[in-house]
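So the chains spell out like this:
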Amino acid sequence: MGVYYYYVNETRSQYFCIDPSGRDIKQYAVGHNIGSRAFSYLLLDKNEYATGVKDHPLVGSWIGDRCYITGDDYCTSFAKIQTEYEDIGQQVIELMVHNDPWELLQYGGVDWLLDLIQQSGQFVTITNEMRKRMSHVFRFARQESPSEDLDRICEALKR
């Protein structure tokens, strides 16, 4: 089983797994996976013109807050964090789909994205709105530039 790692915002009493899908949750993934991209959104200036990131309530919401990364067995109060803090993993994935579904593919990879779609509900839920947005983006891309990977993603989104 091992140690799972989390981004924690002590100021706002929020946290999320370094990979909200639950796939890359070990120490080697800190700063190297989809969670690090999501974390960057929380620390990003809200200037859409300068950043290219669409407006969303989470964008920039952790700027100036006390944040840290912890393992679930390193922090003696992690059980308290899980019960008293808000897990925003679902909202983080929704933010990424809202901004640009391609980032899920770019930072997570094809197999990661397929796992996320197919195991919806285990760690995060792919809502109908998220499914529609991803379907639209990836179907259009598949028409412009067909690929086996896009075929697999579009097929998984149909279910």
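All of the points below concern the structure found in this document. (Residues numbered from 1 in each chain as written. Predicted model: local features only at pLDDT ≥ 70, side-chain atom pairs only at ≥ 80, totals over all residues. Heavy atoms only, no water.)

### Thoughts on the side chain of E103
The condition that has to hold: Helix and strand labels come from DSSP, where a helix needs a run of H or I of at least four residues and a strand needs a run of E of at least two; each type is numbered from the N terminus. When a residue's accessible area, from a 1.4 Å probe over protein chains only, is under 20% of the maximum for its type it is buried; when over 50% it is exposed; and in between it is partly exposed. Polar contacts here mean pairs of N or O atoms no more than 3.5 Å apart (in protein, one a potential hydrogen donor and the other a potential acceptor; neighbouring residues in sequence count only if both atoms are side-chain atoms). By the convention used here, residues are in contact when the closest approach between their heavy atoms is within 4.5 Å.
Mapped onto the elements of the fold, E103 is located in helix α5 (residues 101-108). Taking the relative accessible area as the measure of exposure, E103 reaches 7% and is therefore buried. A polar contact is formed between the side chain of E103 and the side chain of Y41, at a distance of 2.2 Å. Excluding anything up to four places from it in sequence, E103 contacts I34, R37, Y41, M96 and G108.

### Observations concerning the pattern of salt bridges
This is how it is decided: A pair is scored as a salt bridge if a Lys or Arg side-chain nitrogen falls within 4 Å of a carboxyl oxygen belonging to Asp or Glu.
Counted under the stated rule, the structure contains seven salt bridges. The partner of D65 in a salt bridge is R12, with the nearest N and O atoms 2.7 Å apart. Residue D65 is found in the loop between α2 (48-51) and β3 (67-71), and its partner R12 is found in the loop between β1 (5-9) and β2 (14-17); the two are separated by 53 residues along the sequence.

### Considerations on the packing of aromatic side chains
The test is simple: Think of it this way: a Phe, Tyr or Trp ring, Trp meaning its six-membered ring, pairs with another when their centres are within 6.5 Å, and the plane angle makes it stacked under 30 degrees, edge-to-face over 60, tilted otherwise.
As enumerated under the stated definition, the model contains six aromatic pairs in all. Pairing Y6 with Y15 gives two aromatic rings, centres 5.8 Å apart and planes at 65°, and the pair type is edge-to-face. For the pair shown, Y6 and Y15 are each scored as buried. With centroids separated by 5.9 Å and ring planes inclined at 50°, the aromatic side chains of F16 and W62 adopt a geometry described as tilted. Of this pair, F16 sits in strand β2 while W62 sits in the loop between α2 and β3, and the two are 46 residues apart along the sequence. Each member of the pair, F16 together with W62, is buried. One aromatic cluster in this structure is built from Y7, F16, F39 and W62.

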